[in-house]
Protein chains: 2
Amino acid sequence: MAAASRPTIKDVAARCGVHPSTVSRALSPAMKHLVADDVADRIKAAANALGYRLNMAAKGLRTGRSGLIGVLAPDIADPGFPPVLSGITDHLNAEGYATIVVDVGSNGSEQDLVDRLIARGVDGLVLATVTLRDDVVKHCLDAALPVVLVNRVDAAGQLPSAASDDVAGMRLAVEHLVALGHQRIGHVAGPQHVSTGARRRAGFEASVRDAGLSARHTPVETVEAYTRAAGREAALRLLARRIRPTAIVAANDLLALGVYDALAVRGLACPHDVSVVGHNDMPFVDMVAPPLTTIRIAQRDMGEAAARLLLARIAGPEAASEHIVLAPQLIIRGSTIACGH
Amino acid sequence: MAAASRPTIKDVAARCGVHPSTVSRALSPAMKHLVADDVADRIKAAANALGYRLNMAAKGLRTGRSGLIGVLAPDIADPGFPPVLSGITDHLNAEGYATIVVDVGSNGSEQDLVDRLIARGVDGLVLATVTLRDDVVKHCLDAALPVVLVNRVDAAGQLPSAASDDVAGMRLAVEHLVALGHQRIGHVAGPQHVSTGARRRAGFEASVRDAGLSARHTPVETVEAYTRAAGREAALRLLARRIRPTAIVAANDLLALGVYDALAVRGLACPHDVSVVGHNDMPFVDMVAPPLTTIRIAQRDMGEAAARLLLARIAGPEAASEHIVLAPQLIIRGSTIACGH
DNA sequence: CTGAAAGCGCTAACAG
DNA sequence: CTGTTAGCGCTTTCAG
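None of the values given here were measured: they were computed from a predicted structure.

(A) Representation of the overall build of chain A in the model. Helix and strand counts for chain A stand at 12 helices and 12 strands. Considered along the principal axes of its C-alpha atoms, chain A spans approximately 90 × 40 × 35 Å. Each of the 341 residues in chain A was classed as buried or not, and the buried ones make up 54%. Across chain A, contacts joining residues at least 24 apart in sequence account for 72% of those joining residues at least 6 apart.

(B) Broad picture of the relation of the copies chain B and chain A. You can overlay chain B on chain A at an RMSD of 0.2 Å; the transform is a turn of 180° with a shift of 0.0 Å along its axis. Such a combination of turn and shift is consistent with a two-fold rotation axis. Among all C-alpha atoms of chain B, that of Val 288 of chain B lies closest to the rotation axis, at 1.9 Å. Looking at chain B, 100% of its interface residues are interface residues in chain A too, so the copies touch through the same face.

(C) Focus on the protein's contact with DNA strand D. In the region of DNA strand D, 24 residues are neighbours, and His 19 and Ser 21 of chain A together with Ile 9, Tyr 52 and Arg 62 of chain B sit closest. When the atoms of DNA strand D within 4 Å of the protein are grouped by moiety, sugar and phosphate amount to 60% of the total. Take His 19 of chain A: an N or O atom from its main chain is 2.9 Å from a phosphate oxygen of DNA strand D. Within the contact set of DNA strand D, a phosphate oxygen lies 2.7 Å away from a side-chain nitrogen or oxygen of Ser 24 of chain B. Of all elements in the fold, only helix 2 (20–27) and helix 4 (56–63) of chain A together with helix 2 (20–27) and helix 4 (56–63) of chain B reach the threshold of two or more residues within the surface near DNA strand D. Among the elements that make up the surface near DNA strand D, the one with the highest residue count is helix 4 of chain B (four residues). Class assignment of the residues belonging to the surface near DNA strand D gives a composition of 10 nonpolar, eight polar and six charged.

(D) Up close: the nonpolar core. If you look at the biggest cluster of nonpolar residues, it comprises 51 residues, and the most contacted ones within it are Val 126 and Val 150 of chain A together with Val 126 and Val 150 of chain B. Breaking this core down by element, the ones donating at least two residues are strand 1 (68–73), helix 5 (81–94), strand 4 (147–150) and helix 12 (299–315) of chain A together with strand 1 (68–73), helix 5 (81–94), strand 4 (147–150) and helix 12 (299–315) of chain B. Contacts of Val 150 of chain B, omitting those with residues within four sequence positions, involve Val 84, Ile 88, Val 126, Leu 127, Ala 128, Ala 162, Met 302, Gly 303 and Ala 306 of chain B. Counting 40 residues, the second largest nonpolar core, distinct from the first, contains Val 102, Val 137 and Leu 159 of chain A together with Leu 149 of chain B.

(E) The protein's contact with DNA strand C, seen in detail. Not every one of the 24 residues close to DNA strand C is listed here, only the nearest: Ile 9, Tyr 52 and Arg 62 of chain A together with Thr 22 and Arg 62 of chain B. The sugar-phosphate backbone supplies 67% of the atoms of DNA strand C found within 4 Å of the protein. In this structure, a phosphate oxygen belonging to DNA strand C sits 2.7 Å away from a main-chain N or O atom of Ala 36 of chain B. Listed by contribution, the elements that provide at least two residues to the surface near DNA strand C are helix 2 and helix 4 of chain A together with helix 2 and helix 4 of chain B. Among the elements that line the surface near DNA strand C, the one with the most residues is helix 4 of chain A, at four residues.

(F) A look at the interface of chain B and chain A. At the interface, 49 residues of chain B touch 49 residues of chain A. Between Asp 115 of chain B and Arg 53 of chain A there is a salt bridge; the shortest N-O distance is 3.5 Å. The element contributing the most residues to the side of chain B that touches chain A is helix 5 of chain B, with eight residues. Partitioning the side of chain B that touches chain A into residue classes produces 28 nonpolar, 11 polar and 10 charged.

(G) Up close: the sheet that holds strand 7 (residues 220–222) of chain A. Residues and elements named next belong to chain A. Strands sit in the order 7-6-8-9 across an open sheet of four strands; the sheet is parallel. The two strands at the open ends of the sheet, each matched to only one other strand, are strand 7 and strand 9 (275–277). This sheet shows a mean twist of 15° between the axes of neighbouring strands, independent of strand direction. By the bridge criterion, three bridges tie strand 8 (residues 247–250) to strand 9 in an arrangement that is parallel. When the bridges of strand 9 are listed, Ile 248 appears paired with Val 276. Relative to the sheet, helix 9 (residues 195–210) contacts strand 6 (185–189), strand 7 and strand 8, its axis offset from that of strand 6 by approximately 170°. In the packing of helix 10 (residues 228–239) onto the sheet, the strands contacted are strand 6, strand 7 and strand 8, and the crossing angle to strand 6 comes to about 150°.

(H) Geometry of the sheet that holds strand 6 (residues 185–189) of chain B. All names here are of chain B. With parallel pairing, four strands are arranged side by side in an open sheet as 7-6-8-9. Edge positions in the sheet fall to strand 7 (220–222) and strand 9 (275–277), since each has one partner strand and no second. Neighbour-to-neighbour, the strand axes of the sheet open up by a mean angle of 15°, direction not taken into account. Note that strand 6 and strand 8 (residues 247–250) share four bridges and pair parallel. The residue of strand 8 that forms the bridge with Ile 185 is Ala 247. The strands touched by helix 10 (residues 228–239) within the sheet are strand 6, strand 7 and strand 8, with strand 6 carrying the most contacts at an inclination of about 150°.

(I) Representation of unusual backbone geometry within the structure. A cis amide bond, omega -10°, links Ala 289 of chain A with the succeeding residue Pro 290 of chain A. Positionally, Pro 290 of chain A belongs in the loop between strand 9 and strand 10 (294–296). For the bond from Cys 270 of chain B to Pro 271 of chain B, the omega torsion is 5°, close enough to zero to count as cis. The topology assignment puts Pro 271 of chain B in the loop between helix 11 (253–266) and strand 9. Phi is positive for Asp 281 of chain A, close to 55°, though the residue is something other than glycine.

(J) Quick look at helix 9 of chain A. Residue and element names in this part refer to chain A. The terminal C-alpha atoms of helix 9 lie 22 Å apart, and with 16 residues this matches the ideal 22 Å at 1.5 Å per residue to within 8%. Looking at helix 9, one finds that the buried residues are Ser 195, Thr 196, Gly 197, Arg 200, Gly 203, Phe 204, Ala 206, Ser 207 and Val 208. Those residues of helix 9 that are buried lie in contact with helix 8 (166–179), strand 6, strand 7 and strand 8. Immediately beyond the C-terminal end of helix 9, within one or two residues, lies Gly 212, with a positive phi of roughly 80°.

(K) Inspection of the pattern of salt bridges at higher detail. Residue and element names in this part refer to chain A. This model, assessed by the stated rule, comprises 28 salt bridges over all chains. The residue Arg 232 makes a salt bridge to Glu 233 at a minimum N-O spacing of 2.5 Å. Its salt-bridge partner being Asp 281, residue Arg 333 comes within 2.5 Å of it at the nearest N-O pair. Here Asp 281 lies in the loop between strand 9 and strand 10 and Arg 333 lies in the segment after strand 12 (329–331), a separation of 52 residues in the sequence. What makes Asp 281 buried here is its relative accessible area of 13%.

(L) Region of interest: the UniProt feature "domain: HTH lacI-type" (unreviewed entry) in chain A. When the UniProt feature table is mapped onto this chain, "domain: HTH lacI-type" (unreviewed entry) is found at residues 7–63 of chain A. Helix makes up 67% of residues 7–63 of chain A and strand 0%, with an end-to-end C-alpha separation of 21 Å.

Procedures and definitions
- Residues numbered from 1 in each chain as written.
- Chains lettered and ligands numbered in written order.
- Predicted model: local features only at pLDDT ≥ 70, side-chain atom pairs only at ≥ 80, totals over all residues.
- Heavy atoms only, no water.
- Helix = DSSP H or I, 4+ residues; strand = E, 2+ residues; numbered from the N terminus.
- Buried < 20%, exposed > 50% of the residue type's maximum accessible area, 1.4 Å probe, protein only.
- Contact = heavy atoms within 4.5 Å.
- Least-squares fit on C-alpha atoms with pLDDT ≥ 70 in both.
- Near = heavy atom within 4 Å.
- Polar contact = N/O pair within 3.5 Å; in protein donor to acceptor, adjacent residues only side chain to side chain.
- Nonpolar A, V, L, I, M, F, W, Y, C, P; charged D, E, K, R; others polar.
- Core = buried A, V, L, I, M, F, W, Y, C linked by side-chain atoms within 4.5 Å.
- Salt bridge = Lys/Arg side-chain N within 4 Å of Asp/Glu carboxyl O.
- Pairing = 2+ DSSP bridges.
- Axes fitted to C-alpha atoms, helices over the stretch in contact; angles between N-to-C directions.
- Expected span 1.5 Å × (residues − 1).
- UniProt positions renumbered as here; feature names shortened; annotations may be inferred.

Here you go:
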């Protein structure tokens with residue numbers, strides 16, 4: 001029956017015949033040492049008996065720290081993101097923080113979403129958002145809000161970030177293909193306004209150059225979005241070239257699946273006619289036909305690193321902005337094969 | 001420079017020469033009608049100029065409503081969940097709520113996580129958690145916390161829920177197979193302590209019975225978890241039976257991929273030797289080899305329906321607990337084929 | 001229509 | 001070691 005509203009610190013105090021602040025101290029690990037052990041025990045017992053729970057909103061109002069972290073995601077449903085998110089939330093949860101996840105694609109402007117998060121008093125932000133136009137970042141900096149980037153880096157490199165080594169990843173892909181004898185390698189590049197797109201492209205170009213391949217033999221087609229359909233279109237353009245590539249490396253797995261689609265359209269077989277390499281090692285790309293050779297990135301670690309970075313930022317005032325770069329790994333499967341030529 | 005902390009309602013009031021409560025009224029859509037239009041305009045202008053943002057924690061403390069909703073997920077990284085989550089958060093965001101997502105698998109007990117959410121003052125909970133042991137549900141009810149289930153129903157059916165029609169889905173699968181001439185159909189059943197596992201199994205059994213197939217010809221193997229490995233083991237057991245099935249319907253796509261693995265182990269070809277049907281239509285199951293015939297469930301809609309249900313629960317006191325059931329859809333791809341016999 | 005006053009639940013000085 | 005006091009930023013009576 002006693003569907004009474006949540007008990008407060010006052011109720012506990014009354015039941016123990018002590019002052020509310022004593023209860024507050026007894027229940028706070030940091031201040032517990034200021035209260036007699038027997039009293040503290042009595043208080044804890046009473047709190048348990050009453051089913052007392054700390055009211056974080058009240059605490060936050062008082063202390064100015066909410067224990068809330070905002071995560072801005074480009075698209076929650078993107079299969080690449082969940083592992084990152086999981087890494088973020090797990091670490092944050094373990095440290096007593098709760099995570100508010102916002103999907104940027106859907107509602108309102110990013111600015112707006114950030115403002116709503118600020119209104120909720122978030123202690124910091126993890127940005128996994130696609131486009132790093134300065135305005136959002138600037139907006140956060142203006143608000144003196146700790147911010148870290150995940151799976152992204154900003155152009156100026158002024159924000160802490162946790163990301164995979166995109167350049168090294170592309171090098172892995174290109175060198176694998178070159179070792180297989182491929183001389184004509186195309187690249188389906190991701191959106192150039194996001195760091196993964198730009199850096200992977202740069203990595204591709206540097207690697208093919210280092211391998212001694214000419215630009216003519218290493219064409220690049222850029223997409224506007226990381227979608228399977230965009231990958232298909234770009235690959236079709238690549239395949240229509242005078243000098244047809246014998247291998248294509250895509251800026252991510254979704255794009256690579258689009259490359260598969262394009263190959264099917266053209267009646268070409270993978271890997272027989274064209275080898276394909278993806279990037280990210282999304283769940284189940286080992287099950288597609290043929291199993292996709294790809295660059296595995298440490299998504300969960302990335303999320304965890306970002307969380308750790310953010311917490312450090314929140315704790316220490318202005319530690320030099322750190323960039324955590326995670327090593328990628330080549331996963332060889334069935335979509336790459338030695339070149340016939 | 002003025003990196004001053006966030007302006008409050010008081011700052012705005014001072015700047016306008018009015019009382020803080022007037023500012024509060026002017027800025028609250030519901031109370032705006034109590035303040036002169038010109039004053040309201042002046043206040044809004046000043047608020048904008050100062051970059052004032054409402055402090056939700058303070059508001060929540062006062063009103064008792066936080067505008068926060070908790071979502072308990074079994075495993076964020078499970079590829080089936082993101083679309084549901086996205087449906088939930090989008091709808092909630094649009095209604096001004098923020099969503100705290102908690103991964104149950106990782107830290108602490110579910111009870112604990114719920115308590116932490118309660119401490120944060122959530123206005124309600126969406127439970128997408130696997131096991132519906134009464135204790136968690138009871139715990140929420142005791143706390144008088146509005147709760148809805150998504151992709152799950154509780155045994156007693158006392159909680160509002162949004163879920164796919166699992167029985168109908170299995171009927172779709174079985175009838176498809178029967179129409180193809182299959183007479184020996186096995187089922188890899190999901191965990192029986194979660195509603196999808198139990199209901200899909202029930203749906204399977206009812207459907208094969210209605211199709212006139214005997215129990216001997218429709219063996220069932222149950223797994224303890226929705227994993228690819230578990231699906232593989234269960235399928236191996238099914239294939240080792242005296243009467244080998246010519247088709248297997250799995251309780252979900254992950255399990256179905258495990259069935260693929262088992263088939264490969266046994267040197268059997270899908271669909272030639274054994275047809276396979278999945279459930280859920282996870283992203284990219286159209287790309288595996290062979291493309292998986294499956295039952296598509298309306299995941300995004302499910303999330304949205306759950307959000308709507310929860311909001312209704314929060315608004316209206318005790319509306320009769322509603323069950324939204326979404327119609328599934330058979331997606332025929334390459335993993336099912338007419339039976340030779 | 002606007003001001004005054006009180007208080008949501010908690011913590012952080014400051015006394016004692 | 002414990003009680004007192006004040007106040008975080010906001011809403012909401014109650015007056016006027």
